[in-house]
Structures are given as structure tokens and as C-alpha cells.
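# Structural overview for review
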Amino acid sequence: MSTPDDRFGPGSQAALRDANQRRVLEVLRSAGELTQAQVARNTGLAPATVSNIVRELTTAGVIDDADRGKRRRMLRLARTAGMVIGVDFGHRHVTVAVADLSHNILAERRVPLGPASSARDSLARASALLEEALTAIDGHMSEVVGIGMGLAAPIDSRTGEVGAVSILPGWVGVRAEDMASDHFGQHVVVDNDANLGALAEHMWGAGQGCDNLAFVKLSDGVGAGLFIDGRLFRGRNGTAGEIGHTTFDEFGDVCRCGNRGCLETIVAAKSVVELLEPRYGHDLTIADIVQMANDGDNACARILADTGRQTGAALASLCNLINPELVLIGGELALAGELILAPMRESVRRCGIPSSTHDLHIRLAELGARAMVLGAVALALQTSGERTP
Ligand SMILES: [Zn+2]
């Protein structure tokens, strides 16, 4: 009697085994580490099949068996299965990180980089930094199976072009993914800073275990990364989550997007600083403002509270739309902590519909300045393959 597998000839058994093996590798890469029972559950494969595959891959050195003998043995991909790289181009820096496929960050480097640097110069700088990071862990580009890259800019997912509403002028109009892939000699996946923040916080930070969250970046740019039902929601052209360009005052200041009175013109870090300059002079930073507010300065405390309140009104609309469980606040203004969060929560409660906001948590993101580069690593982990025996 023929079974479904041998109906297609002798080749199909091998094809099935390969497909099952790929599935096991995929769930391990996605989770970092799992027990054998969890691998069976996540793949939907029979425990005996998983057991065979794990034995083969352990013998081949692809799965790490360092914990062999423990009762609850955790399986993870060994370094021989490959490494992934994250590269983050921010407003004033470039950061690179190297990780293994079980989600351990092995090396990380960061150097200042002017916002006006051309895309080519920026990539050359990243390569030099990467070389340094790889050398420190005795690694080599030939071990790299995936590269993720972050840009503080909207990226059109149809054309791959960096949009004009960017705080990185050197990248505007550049097909970032194509250029970076040419530069590194392998496929590079690119995403914006807010999306990467959401991915990173979900994998390593305050959003672990939460499948419906918004990561809101409050810096010179303002935007949200939306993690819905366990995956990043990018929208048709990759511009989902641009809450910084919600109209707040139709006749307000002209925004870099061309509209007037966007939320970003009111709550961006530089707008907050500008509001206080007439009183305290130039060279103020957000850190100074937070310090003065904590020391009892009324104007600084008031401006931070108002920033929280105005952001909260926009967040209420976002929560009405996507009903997240958690909103994580990151970016420079997160330095203000409760000074900004308390009024924000109050404003979300006041403006949002109760069913979308009554059990909503609004907290600080945890990864700070590392969020973007870690998000680029998470993106590489999601999209890479691995070196198989
Ligand atoms: Zn705008």
C-alpha cells in the first residue's frame, strides 16, 4: 500500500526530511532556545521525528548540546550554525552588533557619525566597525548568515527608497537595501527605527511575551512601531505607525513632512528644547531639562508634562485603532520617566475609549540607545537562514 510520502517516488522522503529539518531550525532561530517538547509543539512535528532530527543536528554540531544530562535540556543553535549582524544608522552615530542564532549578542561597537554623511561613507564606516567587532570574537564574514539594518527614516517597502521625511539627508532617495546588499556582498534587510525598537523590545526588552504592543519613539523624530498579533505591522508601503504626523494644529508650524502642526512639530525633542530656550538660553538638552524639573523647576516640569499630555491624545487614537496591551515609550524623551508618563496615561484615559484603554499599560522601553541595533539583529534573525550540515 502506498503512503502519501512514497507516492511521489524515492526523492520525496528526503525532501520531507529536509523540510522538517528546516522547520526545526526555523523555530529554534526564532525562539533562541527551546526544549525538545517545545520544538515538537512549535513545529507540529511528532516527538519521535523531532528527536531524530535533533540527534542528527547535534552530531553535525549545528545544535548545541552543552546542557546534555540536565533533566530539562534546552536546545539552541551552535555558533557553527552561523551568526547575524545588526547595523544601525542613527542621527549622530552608527552602531553594529554581532549575535549568534540563539540570540546572544557577542560583540557591539558604536562610533559617532555626522547626520549629513553620504550613504556610501556611512556604509564604509559601518564595515570598518564590523571588522573590529568580528575580530574581537575571532569571527569572520563567511560565518554571517543574515544582516539587518536600521535607518531613522521611513522606507517605502515597494521601491526600497528612503523617503524625504528623513533626519538622515545622506540617505534620502537611496535604495538602501540594494546599496547595502551590494556593499556587504549578501542580502541586507532594512527597516525604520521605530519598527526595530518594537522588534527589539519584544525579543529582549520590556515587551517580552507580549504580542500586541506599540513602541513609540520620542526623539527628534516621532513615530511608532506596531507589533500586532505577534508580528510587525508595516502597512502597504511601510509607513504604518507614523503617529508623529498626526495633525494637531491645522495652522501650526510647518512640519518636515510638508503638513502643518503635526504632533512631531510640538513634541519632538528639539521642539521641547526650543520652548524653554527663551528662558534658559541655548545649548539646553533633554537631560538638562529633566534634571531641572526633578530639582523643582516649574517651567521644565510643565513643558515635560504638556509633552506627555499631547502625546497621550495621539496615543489614545492609536489605542482606539489597534487596541494594544502595552505601549512602550523610547527615544530621548523617555529620560523624563514619570514626569512625562503620568500625564500621558491621564490623557490616554481621558481621550481613549474605555474598552481600549482600561487595562492598557504604558511603560518605559528598556533597551535605550541599544534598541535600534538590537532590532536590526532581531530582523536578521527573523529573515536569515543558517549554515546546515
Ligand atoms: Zn508631519
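Scroll up to find the structure this text is about.
Everything quoted here is computed from the prediction, not taken from an experiment.

### Section: the environment of Arg-256
Position of Arg-256 among the secondary structure elements: in the loop between strand E11 (231-233) and helix H7 (263-267). In sequence terms Arg-256 and Gly-207 are 49 residues apart; their C-alpha atoms lie 31 Å from each other.

### Here's the deal with the pairing of strand E10 (residues 222-228)
The element E10 is largely enclosed, with a buried count of six among its seven residues. The pairing of strand E9 (residues 213-218) with E10 spans six bridges and is classified as antiparallel. Following the sheet pairing, Ala-214 is matched in E10 by Leu-226. Here E9 folds back onto E10 in antiparallel fashion, the turn holding three residues. As defined by bridge partners, E10 adjoins E11 across three bridges and the pair is classed as antiparallel. Bridging across to E11, Phe-227 finds its partner in Leu-232. Where E10 folds back onto E11 in an antiparallel hairpin, the turn is made up of two residues, including Asp-229, whose phi is positive at roughly 50°.

### Things to note about the side chain of Glu-264
Within the secondary structure, Glu-264 is located in helix H7. By relative accessible area, which is 4% here, Glu-264 ends up buried. Not counting chain neighbours up to four residues away, the residues in contact with Glu-264 comprise Asp-220, Gly-221, Val-222, Gly-244, His-245, Arg-256 and Ser-271.

### Looking at the sheet that holds strand E2 (residues 63-64)
Taken together, three strands build an open sheet; the order of strands is E1-E3-E2 and the sheet is antiparallel. Two strands close off the open sheet at either side, each with one partner strand: strand E1 (34-35) and E2. As paired strands, E2 and strand E3 (residues 74-77) are joined by two bridges and run antiparallel to one another. Note that in E3 the partner of Asp-64 across the bridge is Arg-76.

### Points about helix H5 (residues 176-184)
Turning to H5, its buried residues number three or more, namely Ala-176, Met-179, Ala-180, Ser-181 and Phe-184. In the core, the buried residues of H5 are packed alongside strand E4 (83-89), helix H4 (119-136), strand E7 (144-151) and strand E8 (188-192).

### What about the coordination of the zinc ion?
Each protein donor to the zinc ion is listed here as His-245 (ND1), Cys-255 (SG), Cys-257 (SG) and Cys-262 (SG); together their distances run 2.0 to 2.3 Å. Coordination at the zinc ion is tetrahedral: its four donor atoms span angles of 104 to 124° at the metal. Sequence positions of the residues that donate to the zinc ion give the spacing H-x9-C-x1-C-x4-C. On the accessibility criterion, Cys-257 (31% relative accessible area) is partly exposed.

### Things to note about the pairing of E9
For E9, the tally of buried residues reaches six of six residues, placing the bulk of the element in the interior. Neither face of E9 is open: one carries Leu-213, Phe-215 and Lys-217, the other Ala-214, Val-216 and Leu-218, and all of them are buried. Sheet analysis places E9 next to strand E12 (residues 326-330), joined by five bridges and oriented parallel. Considered in E12, the bridge of Val-216 is made with Ile-329.

### Re a negative patch on the surface
Taken together, Asp-211, Asp-229, Glu-325 and Asp-359 make up a surface patch of like negative charges. Structurally, Asp-229 can be placed in the loop between E10 and E11.

### Thoughts on the nonpolar core
Judged by nonpolar contacts, the single largest core of 46 residues is most densely connected at Leu-28, Val-39 and Leu-77. If we skip the residues at most four places from it in the chain, Leu-28 touches Glu-33, Leu-34, Val-39, Ile-63, Leu-75, Arg-76, Leu-77 and Leu-101. Of all hydrophobic cores here, the second largest spans 37 residues; its members include Ala-269, Val-272, Leu-318 and Ala-336.

### Details of the packing of H4 against H5
Where H4 contacts H5, the two axes come as close as 11 Å, and the packing angle between them is 40°. The pairing of H4 with H5 is recorded here as oblique in orientation. H4 and H5 meet at a crossing whose hand is right-handed. Within the contact between the two elements, H4 uses Ala-119, Arg-120, Leu-123, Ala-124, Ser-127 and Leu-130 and H5 uses Met-179, Ala-180, His-183 and Phe-184. Per-class residue counts for the contact of H4 with H5 are seven nonpolar, two polar and one charged.

Rules and cut-offs
- Residues numbered from 1 in each chain as written.
- Predicted model: local features only at pLDDT ≥ 70, side-chain atom pairs only at ≥ 80, totals over all residues.
- Heavy atoms only, no water.
- Helix = DSSP H or I, 4+ residues; strand = E, 2+ residues; numbered from the N terminus.
- Buried < 20%, exposed > 50% of the residue type's maximum accessible area, 1.4 Å probe, protein only.
- Pairing = 2+ DSSP bridges.
- Contact = heavy atoms within 4.5 Å.
- Donors = N, O, S within 2.8 Å, 3.2 Å for Na, K, Ca; no water.
- Tetrahedral: all angles 85-135°; square planar, octahedral: opposite > 155°, others 65-115°.
- Patch = residues over 30% accessible without salt bridge, like charges linked within 9 Å, V, L, I, M, F, W, Y side chains within 5 Å.
- Areas by Shrake-Rupley, 256 points an atom, 1.4 Å probe, with all protein chains shown as cover.
- Salt bridge = Lys/Arg side-chain N within 4 Å of Asp/Glu carboxyl O.
- Lys, Arg positive; Asp, Glu negative; His and termini not counted.
- Charge placed at Lys NZ, Arg CZ, Asp CG, Glu CD.
- Core = buried A, V, L, I, M, F, W, Y, C linked by side-chain atoms within 4.5 Å.
- Axes fitted to C-alpha atoms, helices over the stretch in contact; angles between N-to-C directions.
- Parallel < 35°, antiparallel > 145°, perpendicular 65-115°, else oblique.
- Left-handed = near helix turned anticlockwise from the far one by under 90°.
- Nonpolar A, V, L, I, M, F, W, Y, C, P; charged D, E, K, R; others polar.

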